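Residues per chain are reported as follows:
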Amino acid sequence: QVHLVESGGDLVQPGGSLRLSCVVSGDIFTIATMAWYRQAPGKQRELVAGVDRTGTTETADSVKGRFTVSRDNVKDTLVLQMNSLKPEDTAVYYCNAQIWARYGTGYANYWGQGTQVTVSS
């Protein structure tokens, strides 16, 4: 069993900041890519930012310069520091990870339950 749990979502005013965390637990052999996705009402889920095992990052143009993603390979955690938040950042933010479970035969895609971020005056 593998679990991803997000936390940190909240209601915040435009220009504010939030820090999202994702903690992975369970019987894990190794984790390849970890990433944050978001899904706004009526829109498709989109990649926000991700980090692979080597530390290479990928960040969406819409959040570049405002959001930073970091990963702790020892604690199996993923953090998204969100600054200068805009109303269009409002969405449910999901943690995603490519995980090779212990005793598994390959990588599988795992998702957390999501955490709500609302940016509004």
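What this report covers is the structure whose coordinates are included nearby. In this text, all values refer to a predicted model and were calculated from it rather than measured experimentally. (Residues numbered from 1 in each chain as written. Predicted model: local features only at pLDDT ≥ 70, side-chain atom pairs only at ≥ 80, totals over all residues. Heavy atoms only, no water.)

**Notes on the nonpolar core**
Then comes step 1: If you look at the biggest cluster of nonpolar residues, it comprises 31 residues, and the most contacted ones within it are V24, W36, L80, M82 and Y93.
Then comes step 2: With six residues, strand β9 (residues 91–101) is the single largest residue contributor to this core.
Then comes step 3: Residues within four places of M82 in sequence aside, it is in contact with G16, S17, L18, L20, R66, F67, Y93 and V117. (Core = buried A, V, L, I, M, F, W, Y, C linked by side-chain atoms within 4.5 Å. Buried < 20%, exposed > 50% of the residue type's maximum accessible area, 1.4 Å probe, protein only. Helix = DSSP H or I, 4+ residues; strand = E, 2+ residues; numbered from the N terminus. Contact = heavy atoms within 4.5 Å.)

**A look at the state of the cysteines**
Then comes step 1: By the definition in use, this model includes one disulfide.
Then comes step 2: Between the sulfur atoms of C22 and its disulfide partner C95 the distance amounts to 2.0 Å. The disulfide joining C22 to C95 has a torsion of about -80° about its S-S bond and is therefore left-handed. Placement of C22 in strand β3 (residues 18–26) and of C95 in strand β9 is noted, with a sequence separation of 73 residues between them. Residue C22 shares its accessibility class with C95, and that shared class is buried. (Disulfide = S-S within 2.5 Å.)

**A closer look at the pattern of salt bridges**
Close approach of charged atoms allows side chains with opposite charge to pair.
Then comes step 1: Considering all chains together, one arrives at three salt bridges under this definition.
Then comes step 2: One salt bridge connects E46 with R38, and the closest N-O pair in it is separated by 2.9 Å.
Then comes step 3: Given a relative accessible area of 37%, E46 falls into the partly exposed group.
Then comes step 4: Taken together, the shared-partner salt bridges connect R38, E46, R66 and D89 into one network. (Salt bridge = Lys/Arg side-chain N within 4 Å of Asp/Glu carboxyl O.)

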